[in-house]
Amino acid sequence: MLERRLLLSYFAAFSAIFLVAALGVRFAFVAILDQQTATRLQDVARAGLRSVLYGNQSLAIDKSEISNTALLTREQGLQWFDEQGRLLGAEGLVAEVDVPAIEGSREIAIGERAFNTVTIPILNPKTHQRVGLVRASEWNEQERADIRYLDTGLLIGTLLAIVGSGVGGRALVHRAVGPVAQSFQRLREFTADASHELRGPLTAIAASADAALRDTERDPLHDRARFEAISDGVKRMSRITSDLLLLAGADRSLERELFVVDPGAILTRLFERYRPLFSEAGVGLEVTTEKTAVVYGNPTQVERILVNLIENALNYTPRGGHVSVAVEPTRTATLIVVRDTGIGIAPEHVERIFDRFWRVEQARSQGGSGLGLAIARALARRHGGDVKVESRPGAGSEFVASFPIRPARVD
Ligand code: ADP
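About the cut-offs
- Residues numbered from 1 in each chain as written.
- Predicted model: local features only at pLDDT ≥ 70, side-chain atom pairs only at ≥ 80, totals over all residues.
- Heavy atoms only, no water.
- Pairing = 2+ DSSP bridges.
- Helix = DSSP H or I, 4+ residues; strand = E, 2+ residues; numbered from the N terminus.
- Axes fitted to C-alpha atoms, helices over the stretch in contact; angles between N-to-C directions.
- Contact = heavy atoms within 4.5 Å.
- Near = heavy atom within 4 Å.
- Polar contact = N/O pair within 3.5 Å; in protein donor to acceptor, adjacent residues only side chain to side chain.
- Areas by Shrake-Rupley, 256 points an atom, 1.4 Å probe, with all protein chains shown as cover.
- Parallel < 35°, antiparallel > 145°, perpendicular 65-115°, else oblique.
- Left-handed = near helix turned anticlockwise from the far one by under 90°.
- Nonpolar A, V, L, I, M, F, W, Y, C, P; charged D, E, K, R; others polar.
- Core = buried A, V, L, I, M, F, W, Y, C linked by side-chain atoms within 4.5 Å.
- Buried < 20%, exposed > 50% of the residue type's maximum accessible area, 1.4 Å probe, protein only.
- Domains from an automatic or database assignment.
- Patch = residues over 30% accessible without salt bridge, like charges linked within 9 Å, V, L, I, M, F, W, Y side chains within 5 Å.
- Salt bridge = Lys/Arg side-chain N within 4 Å of Asp/Glu carboxyl O.
- 1 Å grid on protein atoms, 1.4 Å probe; cavity = no way out; pocket = protein on both sides within 12 Å on 5 of 7 lines; lining within 4 Å.
- Points joined across faces, edges and corners; volume = space filled by probe spheres on them.

**Structural notes on the sheet that holds strand 4 (residues 87-92)**
Spatial strand order, 4-3-7-6-5: five strands in an open sheet with antiparallel pairing. Edge positions in the sheet fall to strand 4 and strand 5 (104-110), since each of these pairs with one other strand and no more. Recorded for the sheet is a direction-independent mean angle of 20° between the axes of neighbouring strands. Relative to strand 6 (residues 113-123), strand 5 is paired through seven bridges, and the arrangement is antiparallel. When the sheet's bridge partners are listed, Ala109 is paired in strand 6 with Ala114. Contacts from helix 1 (residues 2-48) reach strand 3 (76-82), strand 5, strand 6 and strand 7 (130-139) within the one sheet, and its direction differs from that of strand 6 by about 45°.

**Quick notes on the site of the ligand**
Asn312, Tyr316, Asp340, Arg359 and Leu373 are the nearest of the 19 residues found near the ligand. In the environment of the ligand, an oxygen atom lies 3.0 Å from a nitrogen or oxygen atom belonging to the backbone of Gly370. Separating an oxygen atom of the ligand from a backbone N or O atom of Gly372 is a distance of 3.3 Å. Relative to its unbound accessible surface of 520 Å², the ligand loses 96% to contact with the protein. Those elements giving two or more residues to the shell around the ligand turn out to be helix 7 (372-382) and strand 14 (396-404).

**Some remarks on the packing of helix 5 (residues 263-281) against helix 6 (residues 299-315)**
Orientation of helix 5 relative to helix 6, taken along the N-to-C sense of each, is 20°, at an axis distance of 11 Å. The angle between helix 5 and helix 6 falls in the class roughly parallel. Here helix 5 runs over helix 6; the crossing is right-handed. Only Pro299, Val302, Glu303, Leu306, Val307, Ile310, Glu311 and Leu314 of helix 6 make contact with helix 5, whose side of the interface consists of Ile266, Leu267, Arg269, Leu270, Arg273, Tyr274, Leu277, Phe278 and Ala281. Of the residues that constitute the contact of helix 5 with helix 6, the class distribution is 13 nonpolar, no polar and four charged.

**A word on the nonpolar core**
Ranked by size, the top nonpolar core spans 46 residues in total, and within it Ile305, Val387 and Phe399 carry the most contacts. Where this core is concerned, the elements lending two or more residues are helix 4 (220-248), helix 5, helix 6, strand 11 (322-329), strand 12 (333-340), helix 7, strand 13 (386-392) and strand 14. If you tally residues by element for this core, the top one is helix 6, at eight residues. Each of domain 2 (171-248) and domain 3 (259-404) contributes no fewer than three residues to this core.

**Details of unusual backbone geometry**
One non-glycine residue with positive phi stands out, namely His128, at about 60°. According to the relative accessible area criterion, His128 is exposed, its value standing at 60%. A positive phi angle is found at Phe357, which is not glycine, with a value near 70°.

**Structural notes on a nonpolar patch on the surface**
Where nonpolar side chains cluster on the molecular surface, the patch consists of Leu2, Leu6, Val180, Phe184 and Leu187 and spans about 420 Å² of accessible area. Top contributing element to the nonpolar patch by residue count: helix 3 (residues 141-214), with three residues. Inspection of the secondary structure assignment puts Leu187 in helix 3.

**A closer look at the sheet that holds strand 14**
Spatial ordering of the open sheet is given by 9-11-12-14-13, a layout of five strands whose pairing is mixed. Single-partner strands in this sheet number two, and they are strand 9 (284-288) and strand 13. Geometrically, the sheet is characterised by an average inter-axis angle of 15° between neighbouring strands, direction not taken into account. Of the pairings in the sheet, the one linking strand 11 to strand 12 comprises seven bridges and is antiparallel in character.

**Let's talk about the layout of surface pockets**
The computed volume of the second largest pocket comes to approximately 660 Å³. Looking at the second largest pocket, it is lined by 22 residues, and the ones nearest its centre are Arg186, Phe190, Phe354, Asp355 and Arg356. Of all elements in the fold, only helix 3 and helix 7 reach the threshold of two or more residues within the lining of the second largest pocket. Top contributing element to the lining of the second largest pocket by residue count: helix 3, with nine residues. Within the lining of the second largest pocket, the residues separate by chemical class into nine nonpolar, two polar and eleven charged. The residue makeup of the lining of the second largest pocket includes at least three contributed by each of domain 2 (171-248) and domain 3 (259-404).

In C-alpha cells, the structure reads:
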C-alpha cells in the first residue's frame, strides 16, 4: 500500500518534470527558429532595397538585380510597395493574396499554408523620407516540418523517460520501502507479542479479583490465595514492562555511564547469590575470575547481562548438570563465558533465541518472558560488544558475552 502510494507520487512527480522540461525545450526551440527566420528575412529585405531605383516622383524596381544575386531560395520572395501601399513588383514565392504591407514581422496565413514576413521601409537616400516598403516572405513549411520533428522526438523521448523512470522508480521504491516495511512488520509482531505476554498476568489478576468479589462469604485462606495470584500477576507485568523500558533505552549512548567495572567482583557476588538456587536444582556452579580483566561500562547493565545468562543456564540445565562461568581476557576484548551441560538449542533456533519474546516451544512452560537474551544482547551491543552462542542439542550451550577493550582514557 505504502509502496504503491510512493510509486504513484514518484511517477507523477517525474512525469510532471519531464513534461515541463519537454515544453521548455519546445518553447526555446520555437523561439530560436522564429528569431533565425526574422534575421534571415531582414537580410533578404535589405538585399531587396538594392533593386529599388529612385525617380523624382516615383519608384521603380530593377528586377535584374535581385535575380542576379540569386539571393532568394525557392521558399522565399520579395514584394515592393509604394507609400500608398500599391504593389510595385514581386519576385520569388510570395503570398498570392492582397495583404497590406505593415512594417515589422508577421505571419500571413493562406489556408493550410503560412508565410513568415518581415517588412522594412524604403528610404529615399537623399531626403531620408520613407517612400515605400519592401516585404520579404518565406513559406514556413520547413519551419513547420522542423517543429513536427521536434514534437515527435520530444514525445517519444518523454514517453521513454517516463517509462524508464517508472521502471527505475519501482526498483528504487522497492529498495527504500523494503526495510521500512520490514520494521513495520517487526513492530507489529512486537506489539502483538508484548500484548500477548501482558494479557496472561492481566487475565489471572482479573479472574482472581472477580472470584473474590463474587464470593459473599469471606474465607481468609481463599482470599490469601487470590491476593497471592494478583500479586504474582502484577510482579510479572511490572517485570515485563521494566524489561521493555530497558530494551527501549538500549540504543541510547553510553557516554555518561562509563565506569571501570570489575567483572570478577560481580561474578563473586552472583556466585554467592545463585549458589543456593543451583544446589536446590541439583546443578553444579563454578566461577573462574581473572584479576586483571576489566570492562568499561554501566556496572548494573554488565551485571544484568551476566544474570540473564546464568539464570538461563540454570533454567535449561537438568538436575545433575554443570554450569561454569569464566572471565577470559583476550587481546581485543574481555570475554565472559557461560557454559552449561543443559538441553542445548537446535541449530535452526540459534539466532531466533535473541529475538524479543521468542522462546523454544518447550521452554514456554518455564515462565520466562523471552526477553532475557534480547536484553543481554542489546546491552552488550550498547557496550560495543555482543552476545553469541554455540550449542549442541542435548549436550549443552556456551554463551559468550564480549566487551571490547577500550583505550585507557575514559571520559
Ligand atoms: P526466557 O525468558 O524464555 O528464558 P530468553 O530470551 O532468556 O527467554 O531465552 C530465549 C530462549 O532461548 C529460551 O526460551 C530457551 O528456549 C532458549 N535458551 C536460552 N538460554 C538457553 C540455554 N542456556 N540452554 C538452552 N536453551 C536456552
